[in-house]
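These are the residues of each chain, in order.
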Amino acid sequence: MAGSIAVLALPLATVQPFDSLWTAPSDREEGYDAKYDALIREDAFYQQPKLLERALDSLAPQNPDATDVYFIAVGGDAEQGVFLREVKSVESLMGQRFGATGRSVALVNNYHAAMDYPVASVTALDRSIQRVGERMDRDNDILFLFLTSHGSRNYDFVLDFWPLKFKPLNPAVLRGMLDKAAIRWRVIVV
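Residues numbered from 1 in each chain as written. Predicted model: local features only at pLDDT ≥ 70, side-chain atom pairs only at ≥ 80, totals over all residues. Heavy atoms only, no water.

Visitor: With reference to specific residues and values, describe the overall build of the protein chain.
Guide: Of regular secondary structure, the protein chain possesses 6 helices and 4 strands. Listing the helices and strands of the protein chain from first to last along the sequence gives α-α-α-β-α-β-α-β-α-β. Per-residue burial for the protein chain yields a buried fraction of 40% across its 190 residues. Across the protein chain, every contact between residues at least 6 apart in sequence was considered, and the portion connecting residues at least 24 apart equals 76%. Carbon and sulfur atoms form 56% of the exposed surface of the protein chain, whose accessible area is close to 11600 Å². (Helix = DSSP H or I, 4+ residues; strand = E, 2+ residues; numbered from the N terminus. Buried < 20%, exposed > 50% of the residue type's maximum accessible area, 1.4 Å probe, protein only. Contact = heavy atoms within 4.5 Å. Areas by Shrake-Rupley, 256 points an atom, 1.4 Å probe, with all protein chains shown as cover.)

Visitor: Please set out the side chain of Q130 residue by residue, giving values where relevant.
Guide: In this fold, Q130 is placed in helix α5 (residues 122–135). For Q130, a relative accessible area of 15% puts it in the buried group. Polar side-chain contacts of Q130 include one of 3.0 Å to the backbone oxygen of M177. Setting aside its immediate chain neighbours within four residues, Q130 contacts M177, K180 and A181. (Polar contact = N/O pair within 3.5 Å; in protein donor to acceptor, adjacent residues only side chain to side chain.)

Visitor: Kindly report on the pattern of salt bridges, identifying the contributing residues and their values.
Guide: Summed over all chains, the structure comprises 6 salt bridges. Notably, a salt bridge pairs R131 with D57, separated by 2.9 Å at the nearest N-O pair. Of the two residues, R131 is situated in helix α5 and D57 in helix α3 (residues 42–57); the sequence distance between them amounts to 74 residues. The buried category is assigned to R131, whose relative accessible area is 18%. Here the salt bridges share partners, and the residues they tie into one network are E53, D57 and R131. (Salt bridge = Lys/Arg side-chain N within 4 Å of Asp/Glu carboxyl O.)

Here it is, written out as structure tokens:
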């Protein structure tokens, strides 16, 4: 009996009184939670599918009397704010000069904009391309696809929003999405 108590009590005796069963003590730098937990907070996590659907549902139908330009922007790396700024700038330009206002979708990985934009992932990009393909006149309208991020040595386009892991985007994957959507006229800027 005494041996059984010792076997059960020994592991409990090694637990430090300040250890928590639920969370680890925080030794993170100040601001860490605000930045790196931006997307894994419960509200942001559940908001993401809604943000994507709202963006896709708001796409204007094509105008049968004109050649319309549809615009999809991807800001791939959450670590640098420059990609969000580039997406906003080019989206504005496409609206002003080419009439893409109402026909654009912006997918952005950014710690400060996790509640404002759908994430830039292969899945979100594929859904966006497919929805644009359904809305547009595939034989006459144009898809302008703008991709901004870092690249890798093996030609992957970086889609990074740590701590999430996204599937890699490479030329073959992108071509497969575009071919599946049967979009004839494509302008791709990387």
